Amino acid sequence: MTTVSEKEVQALYAKLQKDAEASGYHLNPDREFVLALVEGLLLNKERYGYMLCPCRMGEGVREKDRDIICPCDYRDADLDEYGQCY
Ligand code: SF4
């Protein structure tokens, strides 16, 4: 069974927060929502070896999922159209 620790989730959240702000992006202000996504990213990293978007169904093969590894290829277009990513 795949599991991640609270410490790992908090550490990645802090890194993503820092990276996002440094790049002119902002994480969703709903921290609990983002923490759940971060946990999903870590679980996918354990399962597949890369951070497949937790909101999407991937193939489980890096080459086929390259467009939906976070941050995905669709992020900026989604931000422009919807003000947030998928
Ligand atoms: S940037 Fe893309 S891959 Fe990352 S959480 Fe948003 S929709 Fe998913």
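A. Representation of the confidence of the model for the chain in the model. Residues with a pLDDT of 70 or more make up 100% of the chain, whose mean pLDDT is 96. Per-element mean pLDDT across the chain ranges from 96 in helix α4 (residues 75-82) up to 98 in helix α3 (residues 62-65).

B. Up close: the environment of V38. Inspection of the secondary structure assignment puts V38 in helix α2 (residues 31-48). Overall, V38 belongs to the buried group, with 26 C-beta atoms counted inside 10 Å. The spacing of V38 and T2 is 36 residues in sequence and 14 Å in space, taken between C-alpha atoms. Excluding its chain neighbours within four sequence positions, the residues that come into contact with V38 are V9, L12, Y13 and L16.

C. Structural detail: the packing of helix α1 (residues 6-22) against α2. Packing of α1 against α2 brings their axes to within 9 Å, and their N-to-C directions diverge by 105°. Overall, the two elements α1 and α2 adopt an arrangement that is roughly perpendicular. For the pair formed by α1 and α2, the contact residues are E8, V9, L12, Y13 and L16 on the first element and V34, L35, V38, E39, L41 and L42 on the second. Of the residues assigned to the contact of α1 with α2, the class counts are nine nonpolar, no polar and two charged.

D. Region of interest: unusual backbone geometry. Cis geometry marks the peptide bond from C70 to P71, where omega comes out at -5°. Relative to the helices and strands, P71 is located in the loop between α3 and α4.

E. Here's a closer look at α2. Helix length check: α2, at 18 residues, gives a terminal C-alpha distance of 25 Å against a target of 26 Å (1.5 Å per residue), a fit within 8%. Here α2 has its buried residues at V38, L41, L42 and N44. Looking straight down α2, one finds that the buried residues subtend no more than 160° of arc, so they occupy a single side. Of the residues in α2, the exposed ones pointing more than 90 degrees away from the buried face are E32, F33, A36, E46 and R47. Close packing links the buried residues of α2 with α1. Just downstream of α2 lies G49, where phi reads positive at about 95°.

Parameters at a glance
- Residues numbered from 1 in each chain as written.
- Predicted model: local features only at pLDDT ≥ 70, side-chain atom pairs only at ≥ 80, totals over all residues.
- pLDDT = per-residue confidence, 0-100.
- Helix = DSSP H or I, 4+ residues; strand = E, 2+ residues; numbered from the N terminus.
- Buried ≥ 20, exposed ≤ 12 C-beta atoms within 10 Å, placed from the backbone.
- Contact = placed C-beta atoms within 7 Å.
- Axes fitted to C-alpha atoms, helices over the stretch in contact; angles between N-to-C directions.
- Parallel < 35°, antiparallel > 145°, perpendicular 65-115°, else oblique.
- Nonpolar A, V, L, I, M, F, W, Y, C, P; charged D, E, K, R; others polar.
- Expected span 1.5 Å × (residues − 1).
- Arc of directions from axis to C-beta.

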